[in-house]
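Residues per chain, in single letters:
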Amino acid sequence: MMKSLFGGCFILLLLLAHNVESRRHDDDRRRGHDDDDSSYTLFVFGDAAADNGNFPNAGLNQGSRSWYYPYGISDKDNDNLPSGRFSDNMVQSDFLGKILGYDESPPPYAAYKPGRRSNRIDPSGMNFANSSAGVWWVEPRIRDQVVQFRSLIADGAITKRDLEDSVALVAFSGRDYSRISDADTDSSLQDLGVSKVLVNTVPPLGCTPWTTSRFSSYDYCDQRTNRISDVHNKYLTDKLGNKDGVLLLDVNTIVTSLLQSSQFQDHKSRPCCETKDQDGYCGQYAGQTPQFTVCRDPGQYLYWDFLHPTHAGWKAIMQRLQSAIRDFLDI
Ligand SMILES: *[C@@H]1O[C@H](CO)[C@@H](O)[C@H](O)[C@H]1NC(C)=O
């Protein structure tokens with residue numbers, strides 16, 4: 001476990017950070033764009049914290065559940081329909097998109113179709129995050145995400161200019177993060193070339209409904225499981241805490257304090273979408289009979305399903321990070 005914890009993901013991050021240093025943002029050039037908030041292009045890597053539709057809909061099952069009711073039920077702009085996000089509405093990448101001046105996350109890679117006249121990506125950037133199966137025991141394939149990114153650079157769909165004023169979000173929310181073991185094999189990550197990198201700390205894994213329901217009916221976090229996050233985050237902070245061009249987003253500390261906040265303290269780790277069977281999933285049916293219940297007001301819950309935050313949860317997290325992100329990006 002420890003070996004994989006300290007394995008490839010750090011090499012990935014270090015390569016990202018290395019690259020940031022070697023292509024440090026040129027403040028003078030940047031000043032020329034200052035009147036336009038949206039001049040940053042956003043590239044998103046990660047898991048269900050940030051995925052906005054990259055995991056394919058393969059029929060209702062645990063992995064594809066984000067394409068089915070009740071996912072998306074709070075998304076009024078989209079007729080309350082699911083969009084492949086593991087939330088009742090928005091996820092972290094959407095809130096970051098808003099901070100950069102967009103309506104939501106840049107479009108998912110899965111929706112990219114090179115046009116006849118131009119193969120250029122959407123000006124807001126692209127989201128490569130893939131929830132894999134949306135369950136934490138399945139390894140996410142960040143390497144695949146980087147390969148996709150690189151191939152778009154090679155094709156000219158993403159230009160040097162896009163990269164010069166770009167932000168990357170590296171968003172892993174689950175135990176997934178500690179299991180990325182193949183990233184170091186791709187030394188070509190050095191070509192990534194983004195100018196600013198935001199990296200989440202791992203949230204307190206012992207506070208997810210999946211863990212708490214097994215130990216304490218949602219009221220108390222499991223400290224032993226939380227130590228997995230703590231050890232990981234300490235290492236992350238040691239390596240990246242003071243790197244130029246890298247900002248650590250301390251999702252861990254914020255989630256811990258939000259669980260005690262007036263907004264969420266009534267329900268603590270209880271998920272809005274609760275399953276009857278601990279090993280079932282939000283959205284599961286047995287014949288016509290739902291095997292889950294959905295709360296009346298997702299706005300009062302930090303967790304949406306047994307692993308993932310609600311729209312309100314992500315909103316609260318990103319509100320607490322917003323000024324640090326703005327300072328860091330000079331917007
Ligand atoms: C996301 O991951 C799944 C499982 O590994 C894969 O089948 C799918 O093609 C990926 N999505 C994209 C857009 O690459």
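In the annotation of an unreviewed UniProt entry, the chain is listed under the name GDSL esterase/lipase and assigned to Eleusine coracana subsp. coracana. Under the Sequence similarities (unreviewed entry) heading, UniProt states for the chain: "Belongs to the 'GDSL' lipolytic enzyme family."

On the surface, Leu60, Tyr69 and Tyr285 cluster together into a nonpolar patch covering about 290 Å² of accessible area. Assignment of secondary structure puts Tyr285 in strand β7 (residues 285-286).

This brings us to the state of the cysteines. Evaluated as defined, the whole model comprises three disulfides. Covalently, Cys272 is tied to Cys295 through a disulfide, its sulfur atoms 2.1 Å apart. Every disulfide takes its handedness from the sign of the S-S torsion; for Cys272 and Cys295 that torsion is -90°, giving left-handed. In this pair, Cys272 is assigned in the loop between α9 (251-258) and β6 (273-275) and Cys295 in the loop between β9 (292-294) and α10 (311-329), connecting sequence segments 23 residues apart. The burial state of Cys272 is the same as that of Cys295; both residues are buried. Two residues share a disulfide in this structure: Cys273 and Cys282, whose sulfurs sit 2.1 Å from each other. A torsion of 100° about the S-S bond marks the disulfide between Cys273 and Cys282 as right-handed. Comparing Cys273 with Cys282 shows no difference in burial state: the two are buried. The cystine pairing of the chain, numbering bonded cysteines in sequence order, is 1-2, 3-6, 4-5.

How each quantity is defined
Residues numbered from 1 in each chain as written. Predicted model: local features only at pLDDT ≥ 70, side-chain atom pairs only at ≥ 80, totals over all residues. Heavy atoms only, no water. UniProt positions renumbered as here; feature names shortened; annotations may be inferred. Patch = residues over 30% accessible without salt bridge, like charges linked within 9 Å, V, L, I, M, F, W, Y side chains within 5 Å. Areas by Shrake-Rupley, 256 points an atom, 1.4 Å probe, with all protein chains shown as cover. Salt bridge = Lys/Arg side-chain N within 4 Å of Asp/Glu carboxyl O. Helix = DSSP H or I, 4+ residues; strand = E, 2+ residues; numbered from the N terminus. Disulfide = S-S within 2.5 Å. Buried < 20%, exposed > 50% of the residue type's maximum accessible area, 1.4 Å probe, protein only.

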